[in-house]
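# Structure assessment
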Amino acid sequence: MEYVILGAGAAGITAARIIRKADSQGNITMLSTDTQVHSRCMLHKFLSHERTAEGLNFAETDFFEKNRITQAAGQRVEKLDTEKKQVICDKGFVCSYDKLLIATGAESFIPPVGALRTAPNVFGLRHLSDAKAIDKCAENAQKVVIIGSGLVGLDAAYGLLEQKKDIVIVEMADRILPIQLDETGAAQYQKLFEQAGCQFRLGRRGADTVCNDAGEVTHVVLDDGEKLSCDLVIVAAGVRSAVAGFEDS
């Protein structure tokens, strides 16, 4: 039996472990866009420099060898041929399967506001590659605007506050963590972030951007006209299912 798992996050790793227990002889191949296993919940610890990339790995160091799993890291699915039972990747890698598990999760949703989707200093935070790109940009950035005050937005703020960055968080709801907390709880968390130096713009949303000649966003324009100066923008305004490459399957 040929098992192929797309995605090496918590779902994919757990599935691979259980499949191997159920079938000691089948071949298991794991494909992932990420080059190494990491905990998405700990990406802020990388931004804060409390952990290295290797320190985010939640699987055993010999996980793939011990479970006899072929790891195909850094592969992006270009096409899924369900008739031929093949996964075709952008680098020419082709993998055949008897059973396929899609555990690709989600990707950051960047709203079509101004140049948010095209500017080189705007990032989502879903993968280790995102965290590495943010960390590199942060080397020469001081002013950070974070759009969204959910768990990802506040995690990003935590990590960059540890780097002593100046942070403004924009949230269209009337409180932070609007899905997780009521007004009382949200107010307490907001107070702690403010004490650490973070600013908030609640009940506001991004309406436009101002860019320099290099195409970088220098200001995020809010719906009330306020312009927030920035060197780096992180968008934590939600996610969409990661289905790239599956559209015609």
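Our structure is the block above this text.
### Examining the environment of L100
Mapping L100 onto the fold places it in strand β7 (residues 99–102). Once residues within four sequence positions are removed from consideration, L100 is found in contact with V4, L6, L80 and V87.

### Focus: the pairing of strand β5 (residues 86–89)
Where strand β4 (residues 77–81) and β5 come together, four bridges link them in antiparallel fashion. Each residue of the ladder has a partner; that of V77, found in β5, is C89. Where β4 folds back on β5, the antiparallel hairpin that results is connected by four residues, among which K85 adopts a positive phi of roughly 55°. Pairing geometry for β5 and strand β6 (residues 94–96), over three bridges, is antiparallel. Bridging from a neighbouring strand, V87 pairs with C95 of β6. As consecutive antiparallel partners, β5 and β6 are separated by four residues, and within that stretch G92 has a phi angle of approximately 90°, a positive value.

### Quick look at the sheet that holds strand β9 (residues 122–123)
Hydrogen bonds between backbone atoms are what pair the strands of a sheet, whose relative direction is either parallel or antiparallel. Taken in spatial order, the five strands of this open sheet run β9-β16-β10-β11-β12, and their pairing is parallel. The sheet is open, and its two borders are formed by β9 and β12 (199–202), each paired with just one other strand. As defined by bridge partners, β9 adjoins strand β16 (residues 232–235) across two bridges and the pair is classed as parallel. Residue pairing in the sheet places V122 in a bridge with V233 of β16. Packed on one face of the sheet, helix α4 (residues 128–138) meets β9 and β16 and runs near 155° to β16.

### A closer look at helix α6 (residues 183–195)
With 13 residues, α6 extends 18 Å between its outermost C-alpha atoms, agreeing within 8% with the 18 Å of an ideal straight helix rising 1.5 Å per residue. Burial in α6 covers these residues: A186, Q190 and F193. Seen end-on, α6 carries its buried residues on one side only, within an arc spanning 60°. Among the exposed residues of α6, those pointing more than 90 degrees away from its buried face are T184, L192 and Q195. On its buried face, α6 sits against α5 (151–161) and β12. Of the residues flanking the start of α6, the one acting as N-cap is D182, its side-chain oxygen 3.2 Å from the backbone nitrogen of T184. Once α6 finishes, G197 follows within two positions and takes phi at roughly 110°, a positive value.

### Regarding the sheet that holds strand β3 (residues 69–73)
Taken in spatial order, the four strands make up an open sheet running β3-β2-β1-β7, and their pairing is parallel. Both edges of this open sheet fall to β3 and β7, since each of them pairs with a single strand only. Across the sheet, the mean angle from the axis of one strand to that of its neighbour is 15°, orientation sign disregarded. Along the sheet, helix α1 (residues 10–22) contacts β1 (2–6), β2 (27–32), β3 and β7; its crossing angle with β2, the most-contacted strand, is approximately 175°.

### Points about α1
Compared with an ideal rise of 1.5 Å per residue, which puts 13 residues at 18 Å, α1 spans 18 Å between its outermost C-alpha atoms and is within 8% of the ideal. Burial in α1 covers these residues: G12, I13, A15, A16, I19 and R20. Down the axis of α1, the smallest arc covering the buried residues is 165°, so these residues share one side. Set apart from the buried face of α1 by more than 90 degrees, the exposed residues are A11, I18, K21 and A22. In this structure, the buried residues of α1 make contact with β1, β2, α3 (63–66), β3 and β7.

### Comments concerning the pattern of salt bridges
Scanning the model with the defined rule gives seven salt bridges in all. R204 serves as the salt-bridge partner of D223, at 2.7 Å between the closest nitrogen and oxygen. Placement of D223 in the loop between β14 (217–222) and β15 (227–229) and of R204 in the loop between β12 and β13 (206–211) is noted, with a sequence separation of 19 residues between them. Residue R204 is classed as partly exposed on the basis of its relative accessible area, which comes to 26%. What you see here is one network of salt bridges that share partners, running through R17, E60 and K66.

### Observations regarding the environment of V221
With respect to the secondary-structure elements, V221 resides in strand β14. By relative accessible area, which is 15% here, V221 ends up buried. Contacts of V221, omitting those with residues within four sequence positions, involve R205, G206, A207, D208, T209, V210, E226 and K227.

Each value, and the rule that gives it
Residues numbered from 1 in each chain as written. Predicted model: local features only at pLDDT ≥ 70, side-chain atom pairs only at ≥ 80, totals over all residues. Heavy atoms only, no water. Helix = DSSP H or I, 4+ residues; strand = E, 2+ residues; numbered from the N terminus. Contact = heavy atoms within 4.5 Å. Pairing = 2+ DSSP bridges. Axes fitted to C-alpha atoms, helices over the stretch in contact; angles between N-to-C directions. Expected span 1.5 Å × (residues − 1). Buried < 20%, exposed > 50% of the residue type's maximum accessible area, 1.4 Å probe, protein only. Arc of directions from axis to C-beta. Polar contact = N/O pair within 3.5 Å; in protein donor to acceptor, adjacent residues only side chain to side chain. Salt bridge = Lys/Arg side-chain N within 4 Å of Asp/Glu carboxyl O.

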